[in-house]
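Reading the structure
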Protein chains: 2
Amino acid sequence: MKIILDAMGGDNAPREIVRGALLAQKESEADTVLVGRGEDILHVLKEEGLDTLPRGMEIAHAEQVITMDDNPSNVIKEKPDSSIVVGLDLLNKGVGDAFVSAGNTGALLSGATLIVKRIKGVRRAALSPIIPTAKGGAMLIDCGANVECTPEYLLQFAFMGSLYASCVMGIDKPRVGLMNIGAEETKGDALRKETYKLLRQAHDDGRLLFVGNLEGRDIAFGLADVVVSDGFSGNIMLKTTEGMGLFFASLMKQMFTKNIIAKMGALFVRGGLRSLKKMLDYTEYGGSPFLGVGKPVIKTHGSSNANAIRSTIRQARDFAASQVIQEIANNMEHMRLPDQGGGTG
Amino acid sequence: MKIILDAMGGDNAPREIVRGALLAQKESEADTVLVGRGEDILHVLKEEGLDTLPRGMEIAHAEQVITMDDNPSNVIKEKPDSSIVVGLDLLNKGVGDAFVSAGNTGALLSGATLIVKRIKGVRRAALSPIIPTAKGGAMLIDCGANVECTPEYLLQFAFMGSLYASCVMGIDKPRVGLMNIGAEETKGDALRKETYKLLRQAHDDGRLLFVGNLEGRDIAFGLADVVVSDGFSGNIMLKTTEGMGLFFASLMKQMFTKNIIAKMGALFVRGGLRSLKKMLDYTEYGGSPFLGVGKPVIKTHGSSNANAIRSTIRQARDFAASQVIQEIANNMEHMRLPDQGGGTG
């Protein structure tokens, strides 16, 4: 298994990306191809005490770097020798099994769609992170790739999320919920009402385990394994969850460093604090698979450190080793609305 | 100042509503009119050791009760003698200065719109709770009254929220942010892009302090006093915030009750834990004003206890004592889009 890494993407590139690859290599999790400026990558390796590339690691040189300020809609054409474009090309050619980037999300999404292309029949690919819940985590699909959606897109997100949860995460019969503003099937806007019917039908046909509408509260308590949303409100939910996690962490820090007595208190719950911190740390949950694309592409958090990169490499390996992309293709006939059938996907 | 209370609304009615009114009465915060089944209300008073109504408290009998299962769209006509309808009628007639209910949100909203009516020119009234942030709290407008919105609605929400924040919450030049999925003005769907321009214009005209687009993360960190949203994603954000708060609270409880050592640890941070709990407890933030209606109407949480009711009575008193409704009317010419001007509001 070989994972292609965008060595130049994210706030801590190339240092943390290269270090993450080294961690994965040490634990024999996967071979890696580091895509980016060769000299910069070698410089980091030198800092880590390595004069040559370790076994199982390669460098693919890419001269250009896509920054957060680049406009996603034309950067793929404008920067053909960037680490994202070169990396996706390598993925497309079969040089590696999956591509991981912590860089510009928009550029990665448009690059993946243009270069690797969608699975035949998939209307829109979706960004689908795992968000922390009381039951360990749930996949939120979509969370920002598609701000305006149709019921058919959401039906496809439901299938893709459910297939990922079963094929990659090993969940038997994943519970699929529709993010909405009330539990009753009459709740929400036209998009939600129509999608509810489609998911209900897929449930009745035995193809999905649809648990109905879920509110933000229910999601935090882990009432579903897959949460279906349009990209706009999904992104609002994701960022709110992140923000609340950071806010809560800062409150805890304040509480436990207020005075010497509080600091002593922290010692009594050291183990608990550590696992709480882990639970709230989104880097622990790996990256966001970009589902619907013909090969595994994962976006990982821009602030990823080496540990987060290592987690995402492991996730990319599991994604690539699974049959999820084939399964999505196999289920295509159930993921299209009859009156819109045809070959536009 | 006299506040009309729906004594029959919410999970803990009439007991906690009546007890909340007693708390407010003891602290001379406001006189109250309890609307609902007289015998039930008197029964609670008896349980509290009172044989007669205390000074400053009245009962207005209403035989019917609207439940959470009632359909909001026709319950106002079907249950004319319900506590919500009778209470809103009393408000309309000037018997009290504000109406507070913990009951069926949809019924309260349609009742307020039908009976009390909107301020002339207001397109849609909005539900606007205060959500906890690192800076104390921010008003989120709308959070569920309007699932489908136009740029003009959002412009009006921005003005109404800003005027409430300055007139009622005493914030000088409230910072108004647009909830979106990225900071740049080109981010989001068509609704957000159009609204951004309108808010920018209002800012340039010196009528609003528009701080731009805000993501869920920014909101938790208190980068705005007023957050403008459509009702769908606003509701998702509100419920996610609530859910995460409850989730954290349960994690903390687990952590501090794990074993005897952890329990001792809790003693060291008792004060900090108390203020943390308070910060995450949405009942501390009072209810959600229903802005855009001609008189003060506040929805308070269905699970409100006596303390939450007391907070909301205080909030209703401040709302009624302020000039916010008059100020909204005064600013109407800046809250309408020129090409849609006219008298439909």
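As a reminder, the structure under discussion sits directly above these lines.
The structure contained in this document is the topic of the report that follows. (Residues numbered from 1 in each chain as written. Chains lettered and ligands numbered in written order. Predicted model: local features only at pLDDT ≥ 70, side-chain atom pairs only at ≥ 80, totals over all residues. Heavy atoms only, no water.)

Remarks on the pattern of salt bridges
All names here are of chain A. Defined as follows: Note on definitions: salt bridges are taken to be side-chain nitrogens of Lys or Arg within 4 Å of carboxyl oxygens of Asp or Glu.
Going through the model one piece at a time under the given rule, you end up with 43 salt bridges over all chains. In this structure, Arg317 engages Asp318 in a salt bridge whose closest nitrogen and oxygen atoms are separated by 3.2 Å. A network of salt bridges, in which partner residues are shared, links Arg15, Glu16, Arg19, Glu47 and Glu48.

What to know about a nonpolar patch on the surface
Residues and elements named next belong to chain A. What counts, and what does not: The patches reported here contain residues having more than 30% relative accessible area and no salt bridge. Joining distances are 9 Å for like charges and 5 Å for nonpolar side chains (Val, Leu, Ile, Met, Phe, Trp, Tyr). Only the protein chains shown count as cover for residues, and the accessible areas themselves come from Shrake-Rupley with a 1.4 Å probe. Working definition: helices are DSSP H or I runs of at least four residues, strands are E runs of at least two. Numbering for both runs from the N terminus. Each residue is assigned to one of three classes by its accessible area relative to the maximum for its type, calculated with a 1.4 Å probe on protein chains only: buried under 20%, partly exposed between the two thresholds, exposed over 50%.
A grouping of Ile260, Ile261 and Met264 is seen on the molecular surface, where their side chains present a nonpolar patch of about 300 Å² in accessible area. Tracing the chain through its elements places Ile260 in helix α10 (residues 260-268). Residue Ile260 is classed as exposed on the basis of its relative accessible area of 63%.

Description of the interface of chain B and chain A
Just so we agree on the cut-off: Should any heavy atoms of two residues lie within 4.5 Å, those residues are counted as being in contact. The term buried area means the drop in 1.4 Å probe accessible area that two parts suffer when joined, counted for both and summed. The term polar contact refers here to a pair of N or O atoms within 3.5 Å; inside protein, the definition further demands a hydrogen-donor-capable atom paired with an acceptor-capable atom, and it admits residues adjacent in sequence only when both atoms are side-chain atoms.
Listed as interface residues are 50 residues of chain B and, on the opposing side, 50 residues of chain A. Overall, the association of chain B and chain A removes approximately 4,500 Å² of surface from exposure, summing both partners, and the carbon and sulfur fraction of that is 80%. On the chain B side of the contact with chain A, Arg217(B), Phe232(B) and Phe268(B) bury the most area, a combined 15% of that side's loss. Counting every contact that joins chain B to chain A gives four salt bridges. Arg217(A) is the partner of Glu242(B) in a salt bridge, and the nearest nitrogen-oxygen pair spans 2.8 Å. For the interface between chain B and chain A, the tally reads eight residue pairs in polar contact (both at pLDDT 80 or more). Put simply, the parts of the chain that give the side of chain B that touches chain A at least two residues each are α7 (190-204), α8 (216-220), α9 (231-257), α10 (260-268) and α11 (270-280) of chain B. The element best represented in the side of chain B that touches chain A is α9(B), accounting for 19 residues.

With respect to the sheet that holds strand β2 (residues 31-36) of chain A
Backbone hydrogen bonds are what pair the strands of a sheet, in a parallel or an antiparallel way. Residue and element names in this part refer to chain A. Put simply, the test is: A strand pair is defined by DSSP finding two or more bridges across the two strands.
Across the sheet, which stays open at both edges, the seven strands sit in the order β3-β2-β1-β4-β12-β11-β5 with mixed pairing between neighbours. The strands lining the two open edges of the sheet, one partner per strand, are β3 (57-61) and β5 (126-127). As paired elements, β2 and β3 share five bridges and run parallel to each other. Following the sheet pairing, Val35 is matched in β3 by Ala60.

Focus: the sheet that holds strand β2 (residues 31-36) of chain B
Residue and element names in this part refer to chain B. The cut-off we apply is this: Here, axes are lines fitted to C-alpha atoms. For helices the fit covers the stretch in contact, and angles between N-to-C directions go from 0 to 180 degrees.
In spatial order, the strands read β3-β2-β1-β4-β12-β11-β5; together these seven strands make up an open sheet with mixed pairing. Both outer strands of the open sheet, β3 (57-61) and β5 (126-127), are each paired with one neighbouring strand and no more. Lying over the sheet, helix α5 (residues 105-116) contacts β4 (98-101), β5, β11 (288-291) and β12 (297-299), oriented at roughly 170 degrees with respect to β12.

Some words on the pairing of strand β11 (residues 288-291) of chain A
Residues and elements named next belong to chain A. Neither face of β11 is left uncovered, since the one carrying Ser288 and Phe290 and the one carrying Pro289 and Leu291 both have all their residues buried. In this sheet, β11 lies alongside β5 in antiparallel orientation, the contact comprising two bridges. Residue pairing for β11: Ala126 is matched across the bridge by Leu291. Here β11 pairs with strand β12 (residues 297-299) via two bridges, running antiparallel. Each bridged residue has a counterpart across the sheet, and for Pro289 the counterpart in β12 is Ile298. Here β11 hands over to β12 after five residues, with Gly292 in that stretch at a positive phi of 115 degrees.

A short note on the packing of aromatic side chains
Put simply, the rule reads: In this analysis, rings of Phe, Tyr and Trp, with Trp reduced to its six-membered ring, are considered paired at centre separations within 6.5 Å, and the interplanar angle assigns stacked below 30 degrees, edge-to-face beyond 60, and tilted for intermediate values.
Counting across every chain of the model gives six aromatic pairs over all chains. Aromatic pair Phe248(A) and Phe248(B): ring centres 3.8 Å apart, planes at 10 degrees, arrangement stacked. One end of the pair, Phe248(A), is in helix α9 (residues 231-257); the other, Phe248(B), is in helix α9, on a second chain. Judged by relative accessible area, Phe248(A) falls into the buried class, the value being 1%. Between the aromatic rings of Tyr164(B) and Phe319(B), the centroid separation amounts to 5.4 Å while the plane-to-plane angle is 85 degrees, which identifies the pairing as edge-to-face. In this pair, Tyr164(B) sits in helix α6 (residues 151-167) while Phe319(B) sits in helix α12 (residues 306-321), placing the two residues 155 residues apart along the sequence. Each of the two residues, Tyr164(B) as well as Phe319(B), counts as buried.

Focus: the relation of the copies chain B and chain A
Operational definition: C-alpha atoms of residues with pLDDT of at least 70 in both copies form the basis for the least-squares superposition of the copies.
Relative to chain A, chain B is turned by 180 degrees and slid 0.0 Å along the rotation axis, the superposed coordinates differing by an RMSD of 0.0 Å. With respect to symmetry, the two chain copies, as superposed, fit the operation of a two-fold axis. Measuring from the rotation axis to each C-alpha of chain B, the shortest distance belongs to Gly265(B), at 2.2 Å. Mapped onto chain A, 100% of the interface residues of chain B are again interface residues, and the two copies thus contact each other with one and the same surface.

Re α6(B)
Keep this limit in mind: Expected helix span is given by 1.5 Å per residue-to-residue step, counting one fewer step than there are residues.
In this model α6(B) runs 24 Å from its N-terminal to its C-terminal C-alpha over 17 residues, within 8% of the 24 Å that 1.5 Å per residue would give. With 15 of its 17 residues buried, α6(B) lies for the most part within the structure.

Notes on the pairing of strand β8 (residues 175-179) of chain A
Residue and element names in this part refer to chain A. Note the threshold: Crossovers are described as right-handed under a simple rule: with the strands pointing away from the observer, the path leading from the first strand over the helix to the second runs clockwise.
Summarising burial for β8: four of the five residues are buried, a large majority. In this sheet, strand β9 (residues 209-214) lies alongside β8 in parallel orientation, the contact comprising five bridges. The residue of β9 that forms the bridge with Leu178 is Asn213. With helix α7 (residues 190-204) bridging β8 and the parallel β9, this β-α-β connection has right-handed handedness.

Concerning unusual backbone geometry
A cis amide bond links Ala13(A) with the next residue in sequence, Pro14(A), at an omega value of -5 degrees. In this fold, Pro14(A) is placed in the loop between β1 (2-6) and α1 (15-26). For the peptide bond that leads from Ile141(A) to Asp142(A), omega is 5 degrees, which places it in the cis range. The topology assignment puts Asp142(A) in the loop between β7 (138-141) and α6 (151-167). One non-glycine residue with positive phi stands out, namely Lys117(A), at about 75 degrees. Here Lys117(A) is to be found in the loop between α5 (105-116) and β5. With phi around 50 degrees, Ser28(B) is a residue other than glycine that occupies positive phi space. For Ser28(B), the position within the fold is in the loop between α1 (15-26) and β2.

Topic: α7(A)
Residues spaced three or four apart along an α-helix face the same direction, because each turn holds 3.6 residues. Over its 15 residues, α7(A) runs 21 Å from end to end, which matches the ideal 21 Å to within 8%, given 1.5 Å per residue. Buried within α7(A) we find Leu191(A), Arg192(A), Thr195(A), Tyr196(A), Leu198(A), Leu199(A) and Ala202(A). Where the residues of α7(A) are buried, they touch α6, β8, β9 and α9 of chain A together with α9 of chain B. Positive phi appears at Gly206(A), one or two residues downstream of α7(A), with a value of about 80 degrees.

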